[in-house]
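# What the coordinates show
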Amino acid sequence: MSFPAMNNGRQTPAVETAEDSSSNAFSFISKGWREVRDSADADLRLMKDRANSFKNIAASFDREIENLINSATPTFTVPPIRQSSEIQFMKKLHPKISEFRRVYSAPGISRKVMEKCGPRANLGIDLSRIRSTIAAEVFGTMEEDMKGIIEFNKVRSEKLNEEGQFGEWEPIRVLKTRFREFEKKNSTVEIFAGFKNNEFVEKVKSSLKAICKEPQESKEVPPLDVPELLAVLVRQSGPFLDQFGIRKNLCDKIVENLCSKRKNQLVLRSLVAGEPPAVDPDKINDELDLRIASVLQSTGHCNESGGSWTDFMKPDVTDGKRHVAIVTTASLPWMTGTAVNPLFRAAYLAKSAKQKVTLLVPWLCRSDQELVYPNNLTFGSPEEQENYIRNWLEERVGFKSDFRISFYPGKFSRERRSIIPAGDTSQFIPSKDADIAILEEPEHLNWYHHGKRWTDKFNHVVGIVHTNYLEYIKREKNGALQAFFVKHINNLVTRAHCHRVLRLSAATQDMPKSVICNVHGVNPKFLKIGEQVAAERELGQQAFSKGAYFLGKMVWAKGYKELIDLLAKHKNDLDGFKLDVYGNGEDAHEVQSTAKRLDLNINFQKGRDHADDSLHGYKVFINPSVSDVLCTATAEALAMGKFVVCADHPSNEFFSSFPNCLTYKTPEDFVAKVKEALANEPQPLTLEQRYNLSWEAATKRLIEYSELDRILNNKYSGTTIRKSNGKLIARSVSMPTLSEMVDGGIAFAHYCLTGNEFLRLCTGAIPGTRDYGRQHCKDLHLLPPQVESPIYGW
C-alpha cells in the first residue's frame, strides 16, 4: 500500500544544522509511523470483514449442497473432505510484526525514504509482514478442503503503480479466483461424485435406455407401399364411392386384393420362423389398421394437442357431468312420434343423473300453432308450452324429470306437413353445453340448415332416423325422380353432420355410418295397463270385451290406403267384421268418403290418446301400414297385452319376436290372421318381454349402439388397435382421414348452397327460413338476425 507523504503544511528551511536536521527527520518518521499504524489497523479490520464474508459464503454454499443432496435421494452421502496442505500458506509468510518495527525504526530510514520519494511522491509500505501476522487467525477457520485455493510464487514487498496507487491486494485477488474455480470444480465433480453408484441414478439410466430403445425399434417398421396406400384410399372412399353405385362389398374385395401381397409376405415370414401367422388372413381391415398405426407411431407423429398417441380430447366438464342435447322436429301437443319419443328419451336419460340433458324443440308462431296443434290449442309464450309438456310427461312416467327444455324458431310447411327449422338451430345450444348431440331426424333437421356444422360444435353427434321419407315421396307426382334426389341429399347431410346414425328399422334408407337398432320404448302407463289386464285374467275376469280397432293420423300414407284396399278386397271373407278407426288428419274427409263409397264396415272416431280408457277393452290392433319405420302404436298395443295384426315388413321386425304379434305376407294371410286373433286370447307378457318394450331398455340400447357408453365414460376404445402379441397401439386423431376431408367438403358445399335464397326456394324451402323472423324474435326474446350474425360492412 502507499500513502502520500505528510509535511504537516510547513516549508523546510533552506539551511539547517545537523541537530535540527536529525530532529526534523525523527519528527517526520514519528508522524509517518502514526499514519502507517492507523492505516494498517483499518486494513486489518477490512481484511477480517472480508474473511468473515467469505466464511459466510462458504457456509451458505455448503447448506445449499446439503439441501440438494437431501432432496435428490435419501441414500446420498457426501464424500469426506480432505485436509488441504496448501492452507498452510500463511505460515510461509515469514515476517513478524516485531521485524516490521525493527526494519522501519532504523536510523537511515528517513534518508532512504526521502531519496526515493520526492516532495509529492507516495509512500509505499510493505505490509506483507502485517499480513503474515493475521494469516493464521483469519484463514485458520476456513474449510480445510479448499485445495489449492491460494498459491503464491513470491510475496511482493513493495509495489508502486504508475499513478502512485497500489493495485488489488494479491491474496484477495487470488482468493477470489481460486474460490470461483472451487465452485465450478466441486459443484460438477466432487459434489456429484456420490451419485455415481446411487440407486436413483441407476433408475434414471434404465429409464433413459428404455426411452431410447423404442425409436430404434420403430426404425424397423417399413413404410406403406403403393398397394397399401391404394387400399387405404379405396377403403376410406367407400361412402363416397357408394354414391356412384359402387357397393361396400366390391370395395372390400378391392382392398383385399391390394393387401394380398403384403399379407402373403407376413404369413410366409411367420411360417419360416416357426410361428403361427401374426395376422388373420380374413381380417384385412384389422391388418391395414395395424400397419397404419405402426407406421405412424414409428414416425413419432403427435396430435395437435401436443401429446403423442392420445385419445380424443376429453370435454371440459367442470361439474363432473356430460351434457346431452336432444334436438327434434316436433313438440307436444302435436301427438307425433318425433314429439313424444324424444321427450321420453330426455326424461330417461336425465333420470340416471349421470349427465345433464337439454331438449330442444321447435317454437311455432300462433298462426302455425292453429294449423298443427289439435283442438285449437295454442300457447302465448314458450314458458306456457313448457309447463304443458312437463305436466303431460309427469302424468305418464310417474316421476319428476330433471332436464331443461329450450326452443328454436320453426315454421310449418303445409306441402311437407312438417316443421322446418328457421335459422341456425345449433346456436340455441350454448357452447359450454355443446358436448353430445342427439339429432332426431338428422336429415330433416339439416335439409336447409345454414349454420355451424354439428360435428364441429359438438364432440359426438348421433342421428336417429324416424321417418321413411322415400316411401312418402314415391306416392307423389314424379315421386321416383324426387325420391332419387332426396335419397342422395339425405345421405350427404347425415354423413356431413353426424358421427353415428341409428336407424330404427331396415325400412329406412341405408345411410353412411348407420346401424339398425330400435331405441324407442313405450310409455310406462301402457305397461301398467298390460299388468292390470294380466291380473284380471288370472282372476278369471274378461279383460277384452271389444273386437278390432286401428289408431293413427288420418293421412293416406299412414296405412289408410292399405287398410281400405284389404277390407274392400276381402269384404265377403270378413263378413260381419267391424273395425273402429280413431284419428285426425289432413286426409280425413277423403278417407271417410272412400270407405263410405265402398260400403266398408268401418266406424270412424275422433283421434284420442292410445291410453284412453275407452280403448282398453279392444283385443286386436290392426296396422297394415308399410310406410312407418317403427310404429309406436304397435308397441303400445303389445304392451297392453293385445293382439297385433301387421304386415311382414322390416318396420315390424322388432315386434315379430313377440307371441301376440301376428304378421301376414299376402291379403289372404291377412284375413286368416284377423280371424285367428278374434278367436283366441293373447298370451300374457313375460318380465323379459315387458323390459324389452320399456324405455329403460331402449335407453340402454341407445347408449350401446350410439357409442355413448365410451363417450360418457371417457373410454375411447375405438382409437386403439390390438396387435397379435397383445400390445395396444393407439391411432392418432390429429390427421383427418380422406373420408373426414370429404365430409368437410360436403358440409362446406351444403353451407354455400343453403345460403342462397333462390336455391332454397327452388328445392322447396319455406321463404324466409334461412333466418328467423320478427315474430320469433318477439316470442323467444331474440336479437334480430342482422344483429346476432351481422354481415360484414353492414
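Read on for a plain summary of the structure. Residues take numbers from 1 onward in each chain, read along the sequence in its written order. For a predicted model such as this one, the threshold for reporting local features is a pLDDT of at least 70, and the threshold for listing and counting side-chain atom pairs is 80 or more; totals across whole chains, interfaces and linings nevertheless cover every residue. Note that the side-chain values use all heavy atoms of the structure and ignore hydrogens as well as water.

## Here's the deal with the side chain of T425
Here is the rule we go by: A run of DSSP states H or I qualifies as a helix once it reaches four residues; a run of E qualifies as a strand once it reaches two. Both are numbered from the N-terminal end. Contact criterion: two residues are considered in contact whenever any of their non-hydrogen atoms come within 4.5 Å of each other.
Residue position: T425 is located in the loop between β6 (418–421) and β7 (436–440). Apart from the residues within four sequence positions on either side, T425 is in contact with V327, L360, Y408, H449 and W454.

## A short note on the packing of helix α11 (residues 337–351) against helix α24 (residues 695–705)
We apply this condition: Every axis corresponds to a line fitted to the C-alpha atoms, with the helix fit spanning only the stretch in contact, and the corresponding angles, defined between N-to-C directions, vary from 0 to 180 degrees. Between 65 and 115 degrees an angle is taken as roughly perpendicular, under 35 as roughly parallel, over 145 as roughly antiparallel, and anywhere else as oblique. In this classification, the charged set is Asp, Glu, Lys and Arg, the nonpolar set is Ala, Val, Leu, Ile, Met, Phe, Trp, Tyr, Cys and Pro, and all remaining amino acids, among them Gly, are polar.
Packing of α11 against α24 leaves a shortest axis separation of 10 Å and a crossing angle of 80 degrees. Classified by the angle between their axes, α11 and α24 sit roughly perpendicular to one another. For the pair α11 and α24, the contacting residues are N341, F344, R345, Y348, L349 and K351 in the first and W695, E696, T699, L702 and I703 in the second. Considered class by class, the residues forming the contact of α11 with α24 number 6 nonpolar, 2 polar and 3 charged.

## Side note on the environment of P362
Definition in use: With a 1.4 Å probe rolled over the protein chains alone, any residue whose accessible area is under 20% of its type maximum counts as buried; one over 50% counts as exposed, and the rest are partly exposed.
The residue P362 is located in strand β4 (residues 355–363) in this model. By relative accessible area, which is 1% here, P362 ends up buried. As for P362 and A330, which are separated by 32 residues in sequence, their C-alpha atoms are 6.1 Å apart. Setting aside residues no more than four positions away along its own chain, P362 makes contact with T328, T329, A330, S331, F407, Y408 and I419.

## Side note on the sheet that holds strand β8 (residues 460–465)
What counts, and what does not: Two strands are counted as paired when DSSP detects at least two bridges linking them.
Read from one edge to the other, the open sheet built from 8 strands follows the order β6-β5-β4-β3-β7-β8-β9-β10, with strand pairing classed as mixed. On the outer flanks of this sheet lie β6 and β10 (514–516), each paired with one strand and no other. Each strand of the sheet is rotated relative to its neighbour by a mean of 30 degrees, with strand direction disregarded. Bridge count for strand β3 (residues 322–327) against β7 is 4 bridges, and the pairing is parallel. Bridging from a neighbouring strand, I326 pairs with I438 of β7.

## Description of a nonpolar patch on the surface
Note the following rule: Patches here are clusters of residues that have more than 30% relative accessible area and form no salt bridge, with a 9 Å joining cutoff for like charges and a 5 Å cutoff for nonpolar side chains (Val, Leu, Ile, Met, Phe, Trp, Tyr). Residue exposure ignores everything except the shown protein chains as possible cover, and the areas themselves are Shrake-Rupley values with a 1.4 Å probe. When a carboxyl oxygen of Asp or Glu is within 4 Å of a side-chain nitrogen of Lys or Arg, the pair counts as a salt bridge.
Taken together, the side chains of L481, F484, F485 and I489 define a hydrophobic patch exposed on the protein surface, amounting to about 410 Å² of accessible area. Counting through the fold element by element, F485 comes out in helix α17 (residues 479–497). Assessed through its relative accessible area of 48%, F485 is described here as partly exposed.

## Things to note about the sheet that holds strand β14 (residues 618–623)
Strands sit in the order β13-β12-β11-β14-β15-β16 across an open sheet of 6 strands; the sheet is parallel. Both outer strands of the open sheet, β13 (602–605) and β16 (661–664), are each paired with one neighbouring strand and no more. Each strand axis lies, on average, 25 degrees off the axis of its neighbour in the sheet, ignoring direction. In this sheet, β13 lies alongside strand β12 (residues 579–582) in parallel orientation, the contact comprising 4 bridges. Following the sheet pairing, D580 is matched in β13 by N603.

## Some words on the pairing of β4
Counted only if it meets this: If the strands point away from the viewer and the path from the first strand over the helix to the second runs clockwise, then the crossover is right-handed.
Taking burial as the measure, the 9 residues of β4 include 8 buried ones, the bulk of the element. Pairing of β3 with β4, which is carried by 6 bridges, proceeds in the parallel orientation. Counted as the bridge partner of V327 is L360 from β4. As a crossover connection, the stretch from β3 through α11 into β4 is right-handed. Relative to strand β5 (residues 404–413), β4 runs parallel, the two being bridged by 6 bridges. Looking at the pairing, W363 lines up with P409 of β5.

## Side note on the packing of aromatic side chains
This is how the line gets drawn: Ring pairs are drawn from Phe, Tyr and Trp, using the six-membered ring of Trp, whenever the two centres fall within 6.5 Å, and their geometry is named by plane angle: stacked under 30 degrees, edge-to-face over 60, tilted for the rest.
Within the structure shown, the criterion is met by 20 aromatic pairs. Between F550 and Y560, the aromatic rings sit 5.2 Å apart at their centres with planes inclined by 70 degrees, giving edge-to-face as the arrangement. Of this pair, F550 sits in strand β11 (residues 546–551) while Y560 is found in helix α19 (residues 560–569), placing the two residues 10 residues apart along the sequence. Of the residues examined, F550 reaches a relative accessible area of 1% and is grouped as buried. Overall, Y560 belongs to the buried group, its relative accessible area being 1%. Among the aromatic residues, those joined into a ring-pair cluster are Y549, F550, Y560, Y582, Y618 and F621.

## A word on the nonpolar core
The criterion, for reference: By convention a nonpolar core is built from buried Ala, Val, Leu, Ile, Met, Phe, Trp, Tyr and Cys residues, the set being connected through side-chain atoms within 4.5 Å. Residue ranges for the domains trace back to a domain assignment, done automatically or taken from a database.
Ranked by size, the top nonpolar core spans 105 residues in total, and within it F403, L567, I622 and F670 carry the most contacts. For this core, the domains that each give at least three residues are domain 1 (323–520 + 772–780) and domain 2 (524–693). Here I622 is in contact with A548, Y549, F550, L563, F577, L579, V645, F670 and V674, once residues within four sequence places are set aside. Counting residues in hydrophobic clusters, the runner-up holds 20 residues, among them L445, F458, V465 and Y772.

## Structural notes on the pairing of β6
Each regular strand displays side chains that alternate between the two surfaces of the sheet. Going residue by residue along β6, you find S418 and I420 tucked away on one face and I419 and P421 tucked away on the opposite face as well. By the bridge criterion, 4 bridges tie β5 to β6 in an arrangement that is antiparallel. Its bridge partner lying in β6, F412 is registered against I419. Linkage of β5 to β6, two consecutive antiparallel strands, is achieved through a turn of 4 residues, within which R417 is found at a positive phi near 55 degrees.

## Here we look at the side chain of E441
Note the following rule: In summary, the charge assignment counts Lys and Arg as positive and Asp and Glu as negative, without counting His or the chain termini.
Take E441: it is sitting in the loop between β7 and α14 (442–446). Buried and unpaired, E441 has K558 as its nearest opposite-charge partner, separated by 8.4 Å. Other than its neighbours up to four places away in sequence, E441 contacts T329, T338, I464, H466, T467 and Y469.

## What about helix α13 (residues 382–397)?
For clarity, the cut-off: Expected span of a helix: the number of residues minus one, times 1.5 Å. This arc corresponds to the set of directions leading from the helix axis out to the C-beta atoms.
Here α13 is 16 residues long and its end C-alpha atoms lie 22 Å apart, about the 22 Å a rise of 1.5 Å per residue gives. Within the sequence span of α13, burial applies to P382, Q385, E386, I389, R390, W392, L393, R396 and V397. Projected onto a plane normal to the axis of α13, the buried residues spread over an arc of 165 degrees and lie on a single side. The secondary structure elements touched by the buried residues of α13 are α11, β4, β5, α18 (524–538) and α28 (774–780). Positive phi shows up at G398, right after α13, with a value of about 80 degrees.

What is shown is where atoms sit, not what they do.
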